[in-house]
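# Inside the fold
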Amino acid sequence: MDYSIEHAKVKELIEKAQCSGASPHDLLNCIAEQLRSAGYIPASTQLLDANVDPAEKPELTRFIRIEARKEGDKNAHIFTFAVLKPGGVYKALWLQSAVVEK
């Protein structure tokens, strides 16, 4: 399966949704919903700080990492986003995606 094409479609879907919110959790929920609409099941999520460690407080979140699965696919799909806060509103910027083959 060509994951680069599949992930490019997911990226486009998320960018069109223009996920934003009053908190990183709002942003995470929006992204997870877009992944679900693309056929993915989010398995684990992480709010990460500037050092890419788990954020001690939500307002310290600089990155979001979501590991998801797709029905019928044993592989794990990992989506990573930068978290921006222009004008006091949290927004996501797609950074990368990866596949861990199992």
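These numbers come from a predicted model, not from an experiment.

Quick notes on the rules
- Residues numbered from 1 in each chain as written.
- Predicted model: local features only at pLDDT ≥ 70, side-chain atom pairs only at ≥ 80, totals over all residues.
- Heavy atoms only, no water.
- Helix = DSSP H or I, 4+ residues; strand = E, 2+ residues; numbered from the N terminus.
- Buried < 20%, exposed > 50% of the residue type's maximum accessible area, 1.4 Å probe, protein only.
- Pairing = 2+ DSSP bridges.
- Disulfide = S-S within 2.5 Å.

## Focus on unusual backbone geometry
A negative phi holds for most residues other than glycine; trans holds for most peptide bonds. Even without being glycine, Gln18 reaches a positive phi, approximately 45°. When you line up the elements, Gln18 lands in the loop between helix 1 (3-17) and strand 1 (20-21). Non-glycine residue Val52 carries a positive phi angle of around 65°. Tracing the backbone shows Val52 in the loop between strand 2 (40-48) and strand 3 (63-70). The exposure class of Val52 is partly exposed, given its relative accessible area of 49%.

## Describing the pairing of strand 5 (residues 90-100)
Both strand 1 and strand 5 contribute to a ladder of 2 bridges, which runs antiparallel. When the sheet's bridge partners are listed, Ser20 is paired in strand 5 with Lys91. Pairing of strand 4 (residues 76-84) with strand 5, which is carried by 9 bridges, proceeds in the antiparallel orientation. Within strand 5, the position partnered with Thr80 by the bridge is Gln96. Adjacent in sequence and paired antiparallel, strand 4 and strand 5 are bridged by 5 residues, among which Gly87 carries a positive phi angle near 60°.

## So, the state of the cysteines
Considering all chains together, one arrives at 1 disulfide under this definition. Between the sulfur atoms of Cys19 and its disulfide partner Cys30 the distance amounts to 2.1 Å. As the torsion about the S-S bond is roughly -75°, the Cys19-Cys30 disulfide counts as left-handed. Highlighted residues: Cys19 in the loop between helix 1 and strand 1 and Cys30 in helix 2 (residues 24-37), separated in sequence by 11 residues.

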